[in-house]
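# Fold and geometry: a report
What follows is each chain in one-letter form.
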Amino acid sequence: MIRRRRLGFGGAGAELGAATIATVAAVAVGAAVIAASGHNVIDAASALVNGVAGDQTQFRSTLDNATVLILAALAVSLPVRAGLFNIGGEGQLLMGALGAAFVGLKVGGLPAPVAFLLALAAGAVAGGLWGLIPGYLRSLGANEIITTLMFNFIALWGIVWLISGSLQAPDAVSPGTGPVQVSAELPNFPGTFVDVGIVIALLIAAVVLFIERRTVFGLELRLIGQSADGARFAGISLRRKIMLVMVLSGAIAGLGGAAQLLAVQYELTDQFSPGFGYLGIAIAFLGATSPLGIVLAGLFFGALTAGATNMELVAQVPAPVSAMIEGLAFAFVLFALTNRARLRERV
Amino acid sequence: VLHAFFSSTTFAVALGLATPILLAGMGECISELAGVLNIGIEGTMLTAAFAGAACSYVSGSVLVGVVGAVVSAMLVLLAHGLLTITVGADQIVSGVAINVGALGGTTFLARLLLADQPQVPRMDTFEVPGLSQIPFLGKALFSQRPLTYLALVVPFALWFVLYKSQLGVRIRAVGDEPGAVESVGINVHLIRYSVLLAAAGLMGLGGASLSIAEFNGFVENMTGGVGFIALAAVVFGNWRPIPIAGAALLFGYVESLQAELQIVTNAVPNEFFLALPYLVTVVVVVAAVRRDRMPTALARAYRPRGIRLRRRVRPTQGEPA
């Protein structure tokens, strides 16, 4: 079994510095690639920066991206405390979107706050259920890394089946549910075009921080992570805690999918997620699995993705370059942080 | 309907579809046995598929394409090795980085270099003289592309190396008890790097089989989950090469059957078949709890003990000289 991995890297300030340098290096490589491909780097860069918060719509898109990434990352970081690796965020997120879409389509008669809160709750429940199954299987001894990964694809194909069959919009040609009711859409901050999704992400980050630092459950999770046998000896029911943390984790990811659906895409299609769940895994570790670090990393990568969209529009640089920079940044930051920890250990 | 299950076309297509799964599964098998988990098979193969198509396109030679695919996969996994073996970073996060970066990078480069989706030179089928004339088997088994024949031989070769040679003992020991391996004077990191490069070669061939054998060009995200199916095959085959090959062939067959069945009937939704490899893998994982052969040190970095041992021998301060 794959157990007992290091949590975070210690020493927050220097870490943030190392992570920043690594990220800048990744962006520099990206800039070099863009330059080598014959585009004007200055134009591309200014389009990228403009795309982050140039106007309200762009700022909204930055925050929307950050919301789903932060929630997907929190879904990874919480079970890591107990030594559990949930790489099923993608599937839990898709199930969350399914739950939100299912409810969001049927809440026509209800007033707005009730409608979107119900849809969000449905997303959390659906995601939680998708986390519970691997959690239960883990309590039987089945490796959660494998089962959560497999459940991503089971969710994906199950959803494709539903949205091209019984849940497909009547007049649709391609698989898709059709847009949810307007009352189920996430509202904007008063007087702006920016939706409140980010509030959900920050709220959940605070809740996760509270659970980890201030509750008995958080202590138990850490105990399990450090020594499963010790925790059992201390009278903690491993089965129950494992299932509970997996349900919570799935629900957090599910909320991410629901927020993305109710604020950005409004409809569930087979193109819903470009891999939010997997990005969440990397962001959880770049944020050193601390909720605060995750919020920062999520905002950064949310901004990068939003900026890249604008860069494609304005400077004609294909947007997938942002995913390439993200991959490089993940690798570089991973290198910088782990190498620091390794060298320090050796002294 | 029954015809679809057993037609020679279904089997022939199944072998073609199984080839990348099989090659990548073999690569992942040896790498995991040596303790290095690579969740980035998908990204590795995608890079190889792109490099294969690009090299084949530029040079006009399939062989150059295959070499390009293998070399690119090796570069990707060398980076994975640097991160996870030398530095000791988390293997899953590194794998995710590979998948994200490779999807972005290949899509970006393909839109620039292969924008009009050119047809590139690809491997022809090779009809085994004589054997390809056998009524049923000839079409199903002996009219394949060279990489498929290779893929069918590799599992047996790996089985021999892993279970009948000293090298195999070392590889498996490095994945189970790296500390014990080092204590008898063998360099754990050297073995892990070598195995990772061999794995990269196999995954590179798998990527090449997608873009310059089974198809003649690169398509964005053309792996479409093949890497994850290969990962499932490794678990399904319980980390043993020949059962993994069986799993890969089974998954290829299911995929091929799904396409054939879709033409004649829609009694079973094709999404069910597409999800089937993952479903059966979960079932197998649950059923085989405590009997699995997952390497003990899988996904755990190994830090050579050499330095620490020497330090411990050194007399501490204040001790009489």
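Cut-offs and rules
- Residues numbered from 1 in each chain as written.
- Chains lettered and ligands numbered in written order.
- Predicted model: local features only at pLDDT ≥ 70, side-chain atom pairs only at ≥ 80, totals over all residues.
- Heavy atoms only, no water.
- Helix = DSSP H or I, 4+ residues; strand = E, 2+ residues; numbered from the N terminus.
- Rg over C-alpha atoms; globule rule 2.2 N^0.38 Å.
- Contact = heavy atoms within 4.5 Å.
- Areas by Shrake-Rupley, 256 points an atom, 1.4 Å probe, with all protein chains shown as cover.
- Lys, Arg positive; Asp, Glu negative; His and termini not counted.
- Charge placed at Lys NZ, Arg CZ, Asp CG, Glu CD.
- Buried < 20%, exposed > 50% of the residue type's maximum accessible area, 1.4 Å probe, protein only.
- Axes fitted to C-alpha atoms, helices over the stretch in contact; angles between N-to-C directions.
- Parallel < 35°, antiparallel > 145°, perpendicular 65-115°, else oblique.
- Left-handed = near helix turned anticlockwise from the far one by under 90°.
- Nonpolar A, V, L, I, M, F, W, Y, C, P; charged D, E, K, R; others polar.
- Buried area = accessible area lost by both parts, 1.4 Å probe.
- Salt bridge = Lys/Arg side-chain N within 4 Å of Asp/Glu carboxyl O.
- Polar contact = N/O pair within 3.5 Å; in protein donor to acceptor, adjacent residues only side chain to side chain.
- pLDDT = per-residue confidence, 0-100.
- Phe/Tyr/Trp six-rings, centres within 6.5 Å; stacked < 30°, edge-to-face > 60°.
- Expected span 1.5 Å × (residues − 1).
- Arc of directions from axis to C-beta.
- Patch = residues over 30% accessible without salt bridge, like charges linked within 9 Å, V, L, I, M, F, W, Y side chains within 5 Å.

## Here's the deal with the overall build of chain A
- Regarding its fold elements, chain A presents 13 helices and zero strands.
- Moving toward the C terminus, one meets the helices and strands of chain A in the order α-α-α-α-α-α-α-α-α-α-α-α-α.
- On C-alpha atoms alone, chain A measures out to a radius of gyration of 20 Å, which is about the 20 Å that the 2.2 N^0.38 rule sets for 347 residues.
- If you line up chain A on its principal axes, its C-alpha atoms span 60 × 55 × 35 Å.
- For chain A, contacts bridging at least 24 residues in sequence account for 78% of all contacts bridging at least 6.
- Carbon together with sulfur atoms contributes 69% to the accessible area of chain A, which is approximately 13,800 Å² in total.
- Separation of charge centres in chain A, based on 19 positive and 17 negative side chains, amounts to 19 Å.

## A look at the overall build of chain B
- Looking only at helices and strands, one finds 14 helices and two strands in chain B.
- For the C-alpha atoms alone, the extent of chain B along its principal axes is close to 85 × 45 × 40 Å.
- Burial analysis of chain B (321 residues in total) assigns 57% to the buried set.
- Long-range contacts, defined as pairs at least 24 residues apart, comprise 77% of the intrachain contacts of chain B with a sequence gap of at least 6.

## Here we look at the packing of helix α3 (residues 41–59) of chain B against helix α10 (residues 188–214) of chain B
All names here are of chain B.
- At a minimum axis separation of 7 Å, α3 and α10 run at an interaxial angle of 55 degrees. Judged by the inter-axis angle, α3 sits oblique to α10. The interaxial crossing formed by α3 with α10 has right-handed handedness. Together, Ile41, Thr44, Met45, Ala48, Ala49, Gly52, Ala53 and Ser56 of α3 and Met203, Gly204, Gly206, Gly207, Leu210, Ser211 and Ile212 of α10 make up the contact between the two elements.
- Classifying every residue of the contact of α3 with α10 by side-chain character gives eight nonpolar, seven polar and no charged.

## Section: the interface of chain B and chain A
- Each partner contributes to the interface: chain B provides 48 residues, whereas chain A provides 49 residues.
- When chain B packs against chain A, close to 4,100 Å² is buried across both sides, 79% of that on carbon and sulfur atoms.
- Three residues stand out in chain B for area buried against chain A, namely Val93, Phe108 and Glu271 of chain B, and they jointly supply 15% of the buried area on that side.
- Across the chain B-chain A interface, the total number found is one salt bridge.
- Scanning the region where chain B abuts chain A turns up one residue pair in polar contact (both at pLDDT 80 or more).
- Elements with a minimum of two residues in the side of chain B that touches chain A: α4 (62–86), α5 (91–113), α11 (226–236), α13 (270–287) and α14 (306–313) of chain B.

## Re the confidence of the model for chain B
- Confidence in the prediction of chain B, expressed as mean pLDDT, is 89, and 95% of residues score 70 or more.
- In the predicted structure, residues 307–314 of chain B sits below a pLDDT of 50 and forms four contacts with residues beyond four places in sequence or in another chain.

## Quick notes on the packing of aromatic side chains
- Inspection of every chain in the model, using the stated rule, returns 13 aromatic pairs over all chains.
- Taking 5.9 Å as the distance between ring centres and 20 degrees as the angle between the ring planes, the aromatic pair formed by Tyr278 of chain A and Phe228 of chain B counts as stacked. One end of the pair, Tyr278 of chain A, is in helix α11 (residues 276–286); the other, Phe228 of chain B, is in helix α11, on a second chain. The same class applies to Tyr278 of chain A and to Phe228 of chain B, which are both buried.
- For the ring pair Phe300 of chain A and Phe301 of chain A, a centre distance of 5.1 Å and an interplane angle of 90 degrees mean the geometry is edge-to-face.
- Looking at Phe300 of chain A, the relative accessible area reads 36%, which means it is partly exposed.

## Quick look at the packing of helix α4 (residues 89–106) of chain A against α11 of chain A
Residue and element names in this part refer to chain A.
- Interaxial distance between α4 and α11 falls to 7 Å at its minimum, and their mutual angle equals 130 degrees. Classified by the interaxial angle, the pair formed by α4 and α11 is oblique. The two elements α4 and α11 cross, and the hand of that crossing is right-handed. In this structure, α4 contributes Gly89, Glu90 and Leu93 to the contact, and α11 contributes Phe276, Gly277 and Tyr278.

## Regarding unusual backbone geometry
Residues and elements named next belong to chain B.
- Within the chain, Trp239 stands out as a residue other than glycine whose phi angle is a positive 60 degrees.
- In this fold, Trp239 is placed in the loop between α11 and α12 (241–264).
- Exposure remark for Trp239: the relative accessible area of 3% places this residue in the buried category.
- For Ala299, which is not glycine, the phi torsion reads 65 degrees and is therefore positive.
- One can find Ala299 in the loop between α13 and α14.

## Considering helix α2 (residues 41–53) of chain A
All names here are of chain A.
- The end-to-end C-alpha distance of α2, which contains 13 residues, comes to 19 Å, matching closely the 18 Å that a straight helix rising 1.5 Å per residue would cover.
- Every buried residue of α2 is accounted for by Ala44, Ala47 and Gly51. With its buried residues spanning 65 degrees around the axis, α2 presents them on a single face. Along α2, exposed side chains directed more than 90 degrees from the buried face belong to Ile42 and Val49.
- A distance of 2.9 Å separates the backbone nitrogen of Ile42 from a side-chain oxygen at the start of α2, and that oxygen is part of Asn40.

## Quick look at the pattern of salt bridges
Residue and element names in this part refer to chain A.
- Following the criterion strictly, the structure yields nine salt bridges over all chains and no others.
- Across the salt bridge formed by Asp195 and Arg60, the nearest N and O atoms sit 3.5 Å from each other. Within this pair, whereas Asp195 is found in the loop between α6 (144–163) and α7 (197–214), its partner Arg60 is found in helix α3 (residues 56–81), the two being separated by 135 residues in sequence.
- Taking relative accessible area as the criterion, Asp195 reaches 1% and is therefore assigned buried.
- Residue classification places Arg60 among the buried residues on the basis of a relative accessible area of 14%.

## Observations regarding a nonpolar patch on the surface
- Residues Val67, Val71, Leu75 and Leu78 of chain B make up a contiguous nonpolar surface patch of about 340 Å² in total accessible area.
- By relative accessible area, which is 42% here, Val71 of chain B ends up partly exposed.

## Observations regarding the environment of Ile186 of chain B
Residues and elements named next belong to chain B.
- Looking at the secondary structure, you find Ile186 in the loop between α9 (178–183) and α10.
- Assessed through its relative accessible area of 17%, Ile186 is described here as buried.
- Residues Ile186 and Val36, spaced 150 residues apart in sequence, show a C-alpha to C-alpha distance of 17 Å.
- Ignoring sequence-local partners within four residues, the contact set of Ile186 consists of Arg170, Val181 and Ile191.

## Quick word on the side chain of Ser273 of chain A
Residues and elements named next belong to chain A.
- Note on placement: Ser273 falls in the loop between α10 (238–265) and α11.
- Engagement of the side chain of Ser273 in a polar contact is seen with the side chain of Glu90, the distance being 2.8 Å.
- Looking at Ser273, its side chain comes within polar contact range of the main-chain nitrogen of Gly275, at 3.0 Å.
- In this structure Ser273 touches Glu90, Leu93 and Leu94, once residues within four positions along its chain are discounted.

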